[in-house]
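Read off the chains here:
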Amino acid sequence: SEKPPHCLWIDGEPVLALGDISTVIGKAKSRKTFASDLLLAAMVGSIEIGDRIRGVLPDDKSVVVYIDTEQSEYYSKMSARRVYGILDKDYKGDDLPNFHAYTLRPYAPAERLLVIEHIIRNTPDLGFVVIDGIRDLITSINDEEQATMITSKLMKWSTEQMIHICCVLHMNKGDNNARGHVGTELMNKSLAVLGVNKLEKNEDYSEITPIATRDKEPASIVFGIEDGLPYILSEGDADALRMKTDKKKVVKPTDWDSDQHTDILGRMFANDPQMRGG
């Protein structure tokens, strides 16, 4: 049978394909949702972002769906709005007819699974799905039976519908493995696994590292956040940051503006009535 079409490339190397699943893993606060927003935007816009990540979907599979299982509606909407922002669109005035976002936090795990299945089977022209928070679809991440069940379903849906499903998962604190049986199972069955970590030398930036890909592994991608949106750094800037040590800067009084000085003085006087005499 002929190979299913690729839908996402990094540096010209094919990384994700239709009819398959992938996993994005990262520790808490590693900015893995920001990383998945970059992937989503590349897919929604069928564009290349930062000369590194390129998404291409066929016309009859141009619809992209973002499903958030764990965040409140507020944060879920923020994430969806970032996709608009990365594509230089205004979520209030502009329309992205091929992008749909859902938040499933109010539902029980079994219901979430049914809702996702319904979305996947009933969204016309669907091509790419991100499920942020896959562990919220089962009751225990260490239950082997549930892990097999959920992974089998994802593989079945991606194959039957000829779509790509990307799952976002938490990583263990101690090592670089996804949490629990469900993490192990998903990593084993994924076409690609992408890790997201804060840069050791500079925690204001995060790095997307291809941990496992079927073809040649592309280089990692460093991204920062500006005005609430992720942006990809050039290789030169990224290398400089990887080398740089993030020593805490000594704070001098001149580093503060007058508002901050007023604030500090205000707090001093509030805490120490003796200082009020003048």
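Located above this text is the structure these notes cover.
Residues numbered from 1 in each chain as written. Predicted model: local features only at pLDDT ≥ 70, side-chain atom pairs only at ≥ 80, totals over all residues. Heavy atoms only, no water.

Okay, the sheet that holds strand E11 (residues 206-212) next. Taken in spatial order, the 9 strands of this open sheet run E7-E6-E8-E9-E3-E10-E11-E12-E13, and their pairing is mixed. Each having just a single partner strand, strand E7 (99-103) and strand E13 (229-232) make up the two edges of the open sheet. Neighbour-to-neighbour, the strand axes of the sheet open up by a mean angle of 20 degrees, direction not taken into account. Sheet topology places strand E12 (residues 221-226) next to E13; 4 bridges connect them, and they run antiparallel. Opposite Glu226, over in E13, you have Leu229 as the bridge partner. Sheet contacts for helix H2 (residues 73-86): strand E6 (63-68), E7 and E13; angle to E7, the most-contacted strand, approximately 165 degrees. (Pairing = 2+ DSSP bridges. Helix = DSSP H or I, 4+ residues; strand = E, 2+ residues; numbered from the N terminus. Axes fitted to C-alpha atoms, helices over the stretch in contact; angles between N-to-C directions. Contact = heavy atoms within 4.5 Å.)

Remark: helix H4 (residues 144-161) packs on helix H5 (residues 180-189), axes separated minimally by 8 Å, with the N-to-C direction vectors making an angle of 35 degrees. Relative to H5, H4 is oriented so that their crossing is right-handed. On H5, the residues touching Glu144, Ala147, Thr148, Ile150, Thr151, Leu154 and Met155 of H4 are His181, Val182, Glu185, Leu186 and Lys189. Of the residues in the contact of H4 with H5, the class split is 6 nonpolar, 3 polar and 3 charged. (Left-handed = near helix turned anticlockwise from the far one by under 90°. Nonpolar A, V, L, I, M, F, W, Y, C, P; charged D, E, K, R; others polar.)

What follows concerns helix H3 (residues 109-122). For H3, with 14 residues, the first-to-last C-alpha span of 20 Å sits near the 20 Å given by 1.5 Å per residue. Taken together, the buried positions of H3 are Arg112, Leu113, Ile116, Glu117, Ile119 and Ile120. End-on, the buried residues of H3 take up no more than an arc of 160 degrees, which puts them together on one face. Facing away from the buried side of H3 by more than 90 degrees, the exposed set consists of Ala110, Leu114 and His118. Contacts made by the buried residues of H3 are with E6, E7, strand E8 (126-132), H4 and strand E9 (164-170). (Expected span 1.5 Å × (residues − 1). Buried < 20%, exposed > 50% of the residue type's maximum accessible area, 1.4 Å probe, protein only. Arc of directions from axis to C-beta.)

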